[in-house]
Structures are given as structure tokens and as C-alpha cells.
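Structural characterization, general
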Amino acid sequence: MSDNIDRKLYNAAWVGDKAVVSQLLEQSAYVDWRGEGGATALHRAASNGLTPVVTLLLDAGWSLEARDDFGRTPLYRATWHGHLETAKCLLLRGANIDTQDNDKWTLLNRASINGRTDLVRLLLQCGANTEIRDNKGKTAEDRADNYETRAVFTEFKKKEEHKIDKLLQKAIIEKDYDVAIILIFRASVDWRDEAGYSALHRAAIEGHTPVVTRLLDSDWSLEARTVYGDAPLTCAAGNGRL
């Protein structure tokens with residue numbers, strides 16, 4: 001009986017039938033049940049860019065880092081098939097941005113060779129490692145085979161903000177809050193810019209409560225001071241964010 005429920009849920013996730021998925025989740029479906037190619041229901045939903053179903057499965061405990069028979073995670077599949085919003089959803093939940101498949105290909109390699117400039121840009125903004133080489137010894141930039149994709153790599157190489165912590169502050173200042181939340185998973189709580197501002201200072205200045213909350217939950221200090229002696233709360237008050 002259980003195997004029948006799992007197969008039905010797997011098929012419903014594949015076609016994006018959110019109502020059926022919700023119903024079957026209430027019947028104790030097995031989160032690690034595998035179908036063709038070792039894929040879970042989350043792999044299937046991610047492959048087809050079915051973000052509402054992806055969210056349902058994640059909330060029900062499906063694994064972000066489950067690998068199919070080819071070593072591909074749900075995020076890898078979403079990226080490979082060009083689903084920007086689904087990839088962003090998985091990154092926001094903490095999926096590994098530098099995951100590699102059995103051939104050592106990263107998300108960035110796949111997005112690059114597929115000419116998906118939007119995904120390449122997102123992955124670079126979120127701090128993807130550009131130096132990882134696949135089984136042929138090629139980096140993601142080596143795999144870029146059109147002008148637009150190569151231009152994105154060139155643009156990022158010209159900028160100083162390659163370090164995760166600088167990318168985080170840049171995302172907050174530019175109000176790219178989804179990217180900021182993704183970067184928090186990998187940033188250092190102790191890093192400050194030249195004026196002593198931490199990411200928490202910057203988020204307090206911008207008044208973006210979800211980012212402030214995520215930073216506090218990740219142990220950013222409320223007592224950190226800038227070179228001017230300002231704590232995050234002082235920055236919030238000074239910018240009318242109370």
C-alpha cells in the first residue's frame with residue numbers, strides 16, 4: 001500500500017498536481033522513495049520547474065541534497081533544465097550551490113554550457129565557485145560558448161566583490177534580498193567593511209526585517225560597532241527604521 005502511495009505522489013509531483021501531492025503527503029509517503037534513475041519526487045518537481053510542489057515537498061521533509069543515480073541534486077536538475085525561480089527557491093532553503101554530479105559538473109558548468117545567462121548571473125551573485133573543474137578539466141567559464149554568457153563572467157571578474165561577505169553586503173545595499181538570504185548561509189558573521197559595517201548594520205539601515213531576522217538567527221552580533229561607534233540598532237533608528 002505504501003509503495004502505491006509513494007508512486008502516486010512521485011507521479012503527481014512530476015506533473016505538478018499540487019492538490020494530489022498535498023493529499024498524499026497526509027498519508028505518510030516515504031520521503032526517500034526513488035523512481036526512475038534514482039530520482040525522488042523532489043527531483044521530478046524541480047526538473048519541471050514546479051516551484052509550488054517543490055515548496056510543499058521541502059516543507060514535508062524531502063531532502064535538498066538527495067542525489068539520483070547520476071549524482072544530481074534537485075537544485076542541479078532545476079538548473080540544468082533552466083528553471084530560474086525553482087533554483088532560487090532551493091537556494092533560499094540552503095541547497096549546496098557548488099554541488100557536482102558524477103562527472104564533476106557543477107550547476108555553474110551546466111548553466112554556462114546551456115547559455116542560461118540568467119542562471120549564470122544568479123549563481124555568480126550567490127557566490128558560486130568559478131574555479132571548480134569538471135571531468136574534462138574545464139571550468140564553467142571555459143564552457144561558456146556564447147558572447148552573452150562570456151560577458152557575464154567578464155563582468156563579475158572585473159568587480160572586487162568576489163568574496164562572499166562583500167557579495168552579501170552588495171546584495172543588501174542593492175535591495176536584492178533573495179540573493180542576500182542565500183548568501184547568509186555561507187558568509188562570515190565577523191566580516192566588516194572598511195567603515196566597520198557588518199551585514200546586519202546594512203540590513204538595519206535598509207530596514208528589511210526578513211534579512212535582519214535571518215542574520216540574527218545566524219548569530220550576527222547586535223553589539224557590533226562601526227568605526228563611528230554605531231550598533232545595528234543605532235543605524236536602524238538613524239534611518240527611521242524603528
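Going by the structure above, here's the rest.
Rules of the game
- Along each chain, residue indices are assigned from 1 in the same order as the chain's sequence is written.
- Where totals are concerned, whole chains, interfaces and linings use all residues; where local detail is concerned, this predicted model gives features only for residues with pLDDT of at least 70, and gives and counts side-chain atom pairs only at 80 or more.
- Here the side-chain values reflect all heavy atoms present in the structure, with hydrogen atoms and water set aside.
- Helix and strand definitions follow DSSP, with helices as H or I runs of at least four residues and strands as E runs of at least two, each counted in order from the N terminus.
- Polar contacts, as counted here, are pairs of nitrogen or oxygen atoms within 3.5 Å of one another; within protein the pair requires one atom able to donate a hydrogen and one able to accept it, and residues that are adjacent in sequence qualify only if both atoms are side-chain atoms.
- Note on contacts: a residue pair qualifies if any of its non-hydrogen atoms lie within 4.5 Å across the two residues.
- Stacked, edge-to-face and tilted labels apply to pairs of Phe, Tyr and Trp rings (six-membered ring for Trp) whose centres lie within 6.5 Å, assigned for plane angles under 30 degrees, over 60, and everything in between, in that order.
- We call a residue buried when its accessible area falls under 20% of the maximum for its residue type, exposed when it is over 50%, and partly exposed in between, using a 1.4 Å probe and counting protein chains only.
- Distance and angle both matter: a charge sits over a ring if NZ of Lys or CZ of Arg is within 6 Å of the ring centre and within 35 degrees of the ring normal.
- When a carboxyl oxygen of Asp or Glu is within 4 Å of a side-chain nitrogen of Lys or Arg, the pair counts as a salt bridge.

Regarding the side chain of D101
Relative to the elements of secondary structure, D101 occurs in the loop between α6 (84-92) and α7 (107-113). Only 2.7 Å separates the side chain of D101 from the side chain of Y76, close enough to count as a polar contact. A polar atom in the side chain of D101 sits 2.8 Å from the backbone nitrogen of D103. Not counting chain neighbours up to four residues away, the residues in contact with D101 comprise F70, G71, R72, Y76 and R110.

Details of the packing of aromatic side chains
This structure, assessed with the given rule, holds four aromatic pairs. For the ring pair Y10 and W33, a centre distance of 5.4 Å and an interplane angle of 70° mean the geometry is edge-to-face. Taken together, the residues Y10 in helix α1 (residues 2-15) and W33 in the loop between α2 (18-25) and α3 (41-47) connect sequence positions 23 residues apart. Of the two residues examined, Y10 and W33, each falls in the buried class. Aromatic ring contacts, followed pair by pair, group Y10, W14 and W33 into a single cluster. The ring of W14 carries the charged tip of R44 above its face, separated from the ring centre by 4.0 Å. One Lys or Arg, R110, reaches over the ring of W80 and ends 4.5 Å from the middle of that ring.

Topic: the pattern of salt bridges
Scanning the model with the defined rule gives 15 salt bridges in all. Taking the shortest distance from any N to any O, the salt bridge between E36 and R44 comes out at 3.8 Å. The buried category is assigned to R44, whose relative accessible area is 12%. A single network of salt bridges, built from pairs that share partners, joins R7, E36 and R44.

Section: the environment of R77
For R77, the position within the fold is in helix α5 (residues 74-80). What makes R77 buried here is its relative accessible area of 9%. Sequence-wise, R77 and A87 are ten residues apart; in three dimensions their C-alpha atoms are separated by 8.7 Å. Sequence-distant contacts of R77, defined by excluding residues within four places in its chain, comprise A39, H43, R44, S47, D68 and R72.

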